[in-house]
Amino acid sequence: MGDILKVQGFTVLETNPADDDNEETGSKRKSRWSFLAPDATGSSPVWRSRISWRITLAVFGTIMIVQGAVLAFNVKSYEADKLNDLSELARAAITISISDTPGQSPISNSIAKRLFATTAVQGVAVYDNDFTPLTRYGKTPNVVPDAKPETPSQLRSADGLDYDVVFSPKNLSRPYHIAARIDSSNVDGMVTKQIHQTLVILLLLSGLVTSIMMLALGAWLLEPIMILRNNLLSAARNPEKPELQKPSVESRDEIGVAIRIANDLIRQNANNLKRLRSQAEDKIHKLAYYDNLTGLPNRTYFLEKLDDTIRHKVVEEDRRLAVFSVDLDHFKDINDTMGHEFGDKLLEAIGKRLVKCMPEDAMISRASADEFTIMVVLKPEYAESQMLIDRIFQAMGEPVSILQERFQVRVSIGVSHCPDDTMEARQLLKNSDIALNRAKEEGRDTVRFYSQDFDLAVQQRFQLLRDLRSALDENQLTLHYHPQFDLRTGQLIGAEVLLRWFLPDNSKDGGYYVSPAEFIPVAEQSGLIVPIGEWVLRTACAQIKAWQEMGIPPFRVAVNISGVQFHKADIVALTSDVLKTTKLDPKLLELEVTESVFMENMQMTIDILNQLHRLGVELAVDDFGTGYSSLSYLRQFPIDRLKIDQSFIRNALVNPDDRMITKTIINLGHSLNLKVIAEGVETNDHENFLKEEGCDEVQGFKYTKPLPVDKFRDYVVNYNREWAKKNRPALVDEKKA
Ligand code: C2E
Ligand code: MG
Ligand code: MG
């Protein structure tokens, strides 16, 4: 049974030869005279077909030529017949009028007159057997009886009015020769009439023959050819779903067979194309909806399914749905240290474990590099998502064996619920991602359930990013300077440059300062830290140089360099350019980097630090003691200074651990020939403790808070003056000594 496919409003038949007699096929079978029926253009297809016209013209032309030739021949013989008839009538009339009485004229005057009055004869000349003229009446004929064979015995005048004939004894049965002039004026009229009649008949005949021929050709040849042409055209236009027609009468002649074969080929081609397309669609579906590595559905498929499940399970069946976003902790580090092959195998193994530990009807997908998303319709026995989360943590608790390595994996999980949090699939997934980010921010290896507060925080972050983008252009960024001192001499030896962002608003203060702790991470994540950091470096170096030129004794400027700037921007080229344009002594510039910078791509970091060192700038490790302190790197990197994190200083006097750490950092720094600076020095006690421990330099609120440009310049001038006053005697002593 053939399929009927609806295509753009009309029915396309997919028939098998066996189906030829069924109803559907019949509807596509052409009626016997369909080739005569007018189509959309208003004329019958036969009359629009070129071949039809050619055949018609050829047939019509041929008939006309043949009949024309026949007509030309017939006209001559018709004229001859008519003249013959005239001469026969004249001969008969003359024959019965001749008298054979000896001594008398064979035709008397009275007989001649009667002859002229009752027949077409208008003149006679009588000759005896030896051609001697005897009598003559009426018009004289132009022919003369003669024994010579070449002498004409009939002659028609040039104007066609007279026909002269010689009758001799064998057709007169008398011993005379008679030349007669016969009136032939009506012969031409009769010939013309005859031509007209013949022409009309000829045209009618040609038309009839052509029409009959066209009908026969139409039915046997043109209609099948047009069907073949239409089928081929349809196959060319729509090879997958061709509209195939059949002739009104299936014939076994050559063209009938050709149509059948062509239709079979077209159908075969359509089926092949359909099969290929469905295979390609399957493949595309797989590529579009599944993850190559784990074979799990991807985010797109997950979202579609989630949407579907919300509609059917939550809306219609009033069930609850949980979405878990599961992310591997520190996967990037694992990938970097163990290699991508290992990373891939790990992801595969994690995918399998998740599938195994979740209920059968849960959908587990790989949403991004190291993030899996799970959707579970909560059954009464799984009323609490916590139970499922415990299962995930339990499954991940088992070490994974890959390439003969046993590996402990930790995951962070974000959870959102439907309908509790939202009824919208995309939002539900977004919520679980937001909860996941929270879990990661709050220490990893943990789970967070989505709450609306998270949303607010995310929105605020986005707003902050939008504002930050315009901050540089709108001159909202400024620099504050925080002095650093030599702890032994109390001399002001440097200043750390700290970025300040004044964000205008409609409040009575006209705006507020956004904390660097809040906007620096946003700038780092968005990459904005690169242009901002460049601006900080250029502005700070230019400022220090300007102060020098104003006569302020030179001091060092410490600029914070973010890890992003360090790895993603060409910090060496930038520093070198800034030093060149400001003409600042490189020794007066210090770059502060945090320990995290050293963890990424060790060899590249060493190279960059060496290049910076070669430029002559100093390098300090900021917030030392809080990162992944690896003592080994301290030896390898060309560092000048360790900056003890302020948290240790703050607690050093109350917390023995922090006190111990501070002491240890100072000793470690000195053993490596590094200077040690403490930040966060707020009190005399802090300062005294650090002095006792032999710390080299200090920075903190005890001396001043970070100050804007002008205030800092005044501060420096005042401080130097006071310091010089206090230390003058000592300096004089030193000089004397
Ligand atoms: P950081 O580099 O460790 O800067 C020192 C921070 O400690 C500054 O905070 C400073 O005001 C504060 N501080 C110094 N002494 C004391 C003290 O005695 N008590 C207290 N409570 N705080 C003290 P700030 O300016 O809020 O900067 C925070 C962080 O933002 C900086 O930490 C640095 O990591 C980052 N940051 C600031 N400016 C820049 C910059 O231009 N570029 C980059 N990449 N990061 C910057
Ligand atoms: Mg710093
Ligand atoms: Mg610091």
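Residues numbered from 1 in each chain as written. Chains lettered and ligands numbered in written order. Predicted model: local features only at pLDDT ≥ 70, side-chain atom pairs only at ≥ 80, totals over all residues. Heavy atoms only, no water.

S.K.: When you look at the packing of helix α17 (residues 571–582) against helix α19 (residues 602–615) in this model, what are you seeing that I'm missing?
M.R.: Each pair of packed helices can be summarised by the angle the axes make with each other and by the distance between the axes. Remark: α17 packs on α19, axes separated minimally by 9 Å, with the N-to-C direction vectors making an angle of 10°. Accordingly, the angle class assigned to the pair α17 and α19 is roughly parallel. Residues Ile 571, Val 572, Thr 575, Ser 576 and Leu 579 of α17 pack against Ile 608, Gln 611, Leu 612 and Leu 615 of α19. Taken together, the residues of the contact of α17 with α19 sort by class into six nonpolar, three polar and no charged. (Axes fitted to C-alpha atoms, helices over the stretch in contact; angles between N-to-C directions. Helix = DSSP H or I, 4+ residues; strand = E, 2+ residues; numbered from the N terminus. Parallel < 35°, antiparallel > 145°, perpendicular 65-115°, else oblique. Contact = heavy atoms within 4.5 Å. Nonpolar A, V, L, I, M, F, W, Y, C, P; charged D, E, K, R; others polar.)

S.K.: Help me understand the domain arrangement of the protein chain in this model?
M.R.: Interface size is commonly expressed as the accessible surface area that is lost when the partners come together. Domain parsing of the protein chain yields domain 1 (68–193), domain 2 (290–450) and domain 3 (471–736). On a C-alpha basis, the centres of domain 1 and domain 2 stand 128 Å from each other. (Domains from an automatic or database assignment.)

S.K.: In this structure, what is going on with the packing of aromatic side chains? I would like to understand it.
M.R.: Each pair of aromatic rings is reported with the distance of its centres and the angle of its planes. By the definition in use, this model includes 15 aromatic pairs. Aromatic side chains Tyr 450 and Phe 454 sit 6.3 Å apart centroid to centroid with 90° between the ring planes, which places their arrangement in the edge-to-face category. Per residue, the accessibility class of Tyr 450 equals that of Phe 454, and both read buried. Taken together through their ring pairs, the aromatic side chains of Tyr 481, Phe 485, Trp 547, Phe 555, Tyr 703, Phe 712, Tyr 715 and Tyr 719 make up a single cluster. (Phe/Tyr/Trp six-rings, centres within 6.5 Å; stacked < 30°, edge-to-face > 60°. Buried < 20%, exposed > 50% of the residue type's maximum accessible area, 1.4 Å probe, protein only.)

S.K.: How should the pattern of salt bridges be read in this particular structure?
M.R.: Charged atoms that come close allow side chains of opposite charge to pair. In the structure shown here, the tally under the stated rule is 38 salt bridges. Between Glu 618 and Arg 641 there is a salt bridge, with its nearest N and O atoms 3.0 Å apart. Of the two residues, Glu 618 sits in strand β20 (residues 618–624) while Arg 641 sits in strand β21 (residues 641–644), which places them 23 residues apart along the sequence. Each of the salt bridges in this network shares a partner with another, and the network as a whole consists of Arg 438, Glu 441, Glu 442, Arg 448 and Arg 461. (Salt bridge = Lys/Arg side-chain N within 4 Å of Asp/Glu carboxyl O.)

S.K.: What exactly am I supposed to notice about the coordination of the magnesium ion (ligand 3) here?
M.R.: The expected angle between donors at a tetrahedral four-coordinate metal is 109.5 degrees. At an octahedral six-coordinate metal it is 90 or 180 degrees. Each protein donor to the magnesium ion (ligand 3) is listed here as Asp 622 (OD), Asp 623 (OD) and Glu 679 (OE); together their distances run 2.0 to 2.5 Å. When the donors of the magnesium ion (ligand 3) are listed by position in the chain, the intervening gaps give D-D-x55-E. In this structure the magnesium ion (ligand 2) is found 4.0 Å away from the magnesium ion (ligand 3), and Asp 622 serves as a bridging donor for the pair. Using a relative accessible area of 25% as the deciding quantity, one classes Asp 623 as partly exposed. (Donors = N, O, S within 2.8 Å, 3.2 Å for Na, K, Ca; no water.)

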